[in-house]
Amino acid sequence: MPYLFEPPSCPTLPILGRDALFPVRRIFCVGRNYAEHAREMGAHDQANGLEPPFFFTKPGDALIGGLGELAVHYPPMTGNLHHEVEMVAALGAGGADVSTDQALSLVAAYGVGLDLTRRDLQAQAKAKGHPWDMGKGFDQSAVCGALQLVEEIGHPDHGEIWLKVNGEVRQRGDLGDMGWKVADIVSNLSRLVCLAPGDLIYTGTPAGVGPLLRGDRLEAGVAGLAELRAHIV
Ligand code: MN
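Rules used throughout
Residues numbered from 1 in each chain as written. Predicted model: local features only at pLDDT ≥ 70, side-chain atom pairs only at ≥ 80, totals over all residues. Heavy atoms only, no water. Helix = DSSP H or I, 4+ residues; strand = E, 2+ residues; numbered from the N terminus. Rg over C-alpha atoms; globule rule 2.2 N^0.38 Å. Buried < 20%, exposed > 50% of the residue type's maximum accessible area, 1.4 Å probe, protein only. Contact = heavy atoms within 4.5 Å. Areas by Shrake-Rupley, 256 points an atom, 1.4 Å probe, with all protein chains shown as cover. Lys, Arg positive; Asp, Glu negative; His and termini not counted. Charge placed at Lys NZ, Arg CZ, Asp CG, Glu CD. Donors = N, O, S within 2.8 Å, 3.2 Å for Na, K, Ca; no water. Pairing = 2+ DSSP bridges. Polar contact = N/O pair within 3.5 Å; in protein donor to acceptor, adjacent residues only side chain to side chain. Axes fitted to C-alpha atoms, helices over the stretch in contact; angles between N-to-C directions. Salt bridge = Lys/Arg side-chain N within 4 Å of Asp/Glu carboxyl O.

Caption draft 1: How the structure looks around the overall build of the protein chain. Looking only at helices and strands, one finds six helices and 18 strands in the protein chain. Computed over the C-alpha atoms, the radius of gyration of the protein chain is 17 Å, within 12% of the 17 Å expected from 2.2 N^0.38 for a compact globule of 233 residues. With the C-alpha coordinates of the protein chain rotated into their principal frame, the extents come out at 45 × 45 × 35 Å. Among the 233 residues that make up the protein chain, the fraction classed as buried is 50%. A separation of at least 24 residues holds for 77% of the contacts in the protein chain among residues at least 6 apart in sequence. When the accessible area of the protein chain is evaluated, it comes to approximately 11100 Å², of which 53% is carbon and sulfur surface. Across the protein chain, the centroid of the 19 positively charged side chains sits 5 Å from that of the 28 negatively charged ones.

Next comes the structure, spelled out in structure tokens:
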């Protein structure tokens with residue numbers, strides 16, 4: 001049967017050193033995964049090991065990614081767009097109820113991403129007990145650089161994660177300070193949904209989140225991964 005209209009094309013990310021593209025399915029994000037960032041957001045010290053990680057999502061087509069410097073549009077309906085630099089895990093396999101021992105086998109690649117946030121809308125939603133979607137899941141809210149395959153870079157679990165705006169360091173942390181490690185995150189998420197190849201997981205941001213303005217130039221990095229570059233238009 002024909003479609004009523006042309007079905008949307010699949011969002012993709014390039015893979016460094018490969019001709020193949022990574023087809024993106026869903027985008028999951030972990031909240032408050034670095035204690036220092038959780039504190040700057042007003043959370044009390046979390047009891048990791050007792051409370052499971054919490055997740056929110058962005059639509060797959062909220063992705064803006066690729067090679068070179070990305071031009072990201074300043075979104076409407078906000079006066080407080082925030083940067084959150086995050087390591088992104090890209091799944092090449094899926095599954096439900098995956099054990100932490102098996103979880104890393106689902107991850108095919110990693111990249112450097114930005115979980116862009118309309119902080120004012122998120123704060124309003126929090127205050128009212130409303131969903132975060134419009135604060136977190138807007139167009140071009142999921143920025144991601146080219147992916148690098150696990151077979152080439154392994155599973156990064158320590159080393160610097162940082163972000164500069166106009167050459168000035170705004171965020172700096174260490175992957176080793178992630179409250180929930182990638183294996184924990186994948187395992188926990190696989191109990192909530194059946195994970196699938198193409199799913200991206202943003203693994204949380206270190207402290208130092210702050211506002212962006214049109215014209216800002218961003219550089220971001222995670223130890224062992226190619227840097228991400230973007231500017232706000
Ligand atoms: Mn985030």
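Now, onward.
Caption draft 2: Highlighting the coordination of the manganese ion. At 2.0 to 2.1 Å from the manganese ion lie its protein donor atoms, namely Glu84 (OE), Glu86 (OE) and Asp115 (OD). Mapping the donors of the manganese ion onto the primary sequence yields the spacing E-x1-E-x28-D. Like Glu84, the residue Glu86 is buried in the burial classification.

Caption draft 3: Structural detail: the pairing of strand 9 (residues 107-115). Buried residues dominate strand 9, accounting for eight of its nine residues. In this structure, strand 8 (residues 85-91) lies alongside strand 9, joined through seven bridges in antiparallel fashion. Bridge pairing in strand 9 links Ala89 to Tyr110. Where strand 9 meets strand 12 (residues 148-149), two bridges bridge the pair, whose relative direction is antiparallel. The residue of strand 12 that forms the bridge with Tyr110 is Gln148.

Caption draft 4: Local environment of the side chain of Ser187. Looking at the secondary structure, you find Ser187 in helix 6 (residues 182-192). Residue Ser187 is classed as buried on the basis of its relative accessible area, which comes to 1%. Separated by 3.4 Å, the side chains of Ser187 and Arg191 make a polar contact. The contact partners of Ser187, leaving out residues within four places of it in the chain, are Val98, Ser99, Thr100 and Ala103.

Caption draft 5: Quick look at the sheet that holds strand 13 (residues 160-165). Read from one edge of the open sheet, five strands run 6-18-17-13-14, paired in mixed fashion. Looking at strand neighbours, the two that pair on one side only are strand 6 (69-72) and strand 14 (168-174), the edges of this open sheet. Strand-to-strand twist in this sheet, taken as the mean axis angle between neighbours without regard to direction, amounts to 20°. With four bridges connecting them, strand 6 and strand 18 (residues 228-232) associate as parallel partners. Opposite Val72, over in strand 18, you have Ile232 as the bridge partner.

Caption draft 6: A look at unusual backbone geometry. Unusually for a residue other than glycine, Met77 sits at a positive phi of about 65°. Along the chain, Met77 falls in the loop between strand 6 and strand 7 (81-83). Met77 gets classed as exposed once you look at its relative accessible area, which sits at 68%. Of note in this structure, Gln140 is not a glycine but carries a positive phi near 60°. Take Gln140: it is sitting in the loop between helix 4 (133-136) and strand 11 (142-145).

Caption draft 7: Region of interest: the pattern of salt bridges. Scanning the model with the defined rule gives ten salt bridges in all. In this structure, Glu151 and Arg18 form a salt bridge, with 2.8 Å as the shortest nitrogen-oxygen distance. One end of the pair, Glu151, is in helix 5 (residues 150-153); the other, Arg18, is in the loop between strand 1 (12-14) and strand 2 (21-23), and 133 residues separate them in sequence. Between Arg229 and Glu69 there is a salt bridge, with the nearest N and O atoms lying 3.4 Å from each other. One end of the pair, Arg229, is in strand 18; the other, Glu69, is in strand 6, with 160 residues separating them in the sequence. Note on Glu69: relative accessible area 30%, which makes it partly exposed. A cluster of three or more residues bridged by salt bridges with shared partners is formed by Lys58, Glu84, Asp115, Arg119 and Lys136.

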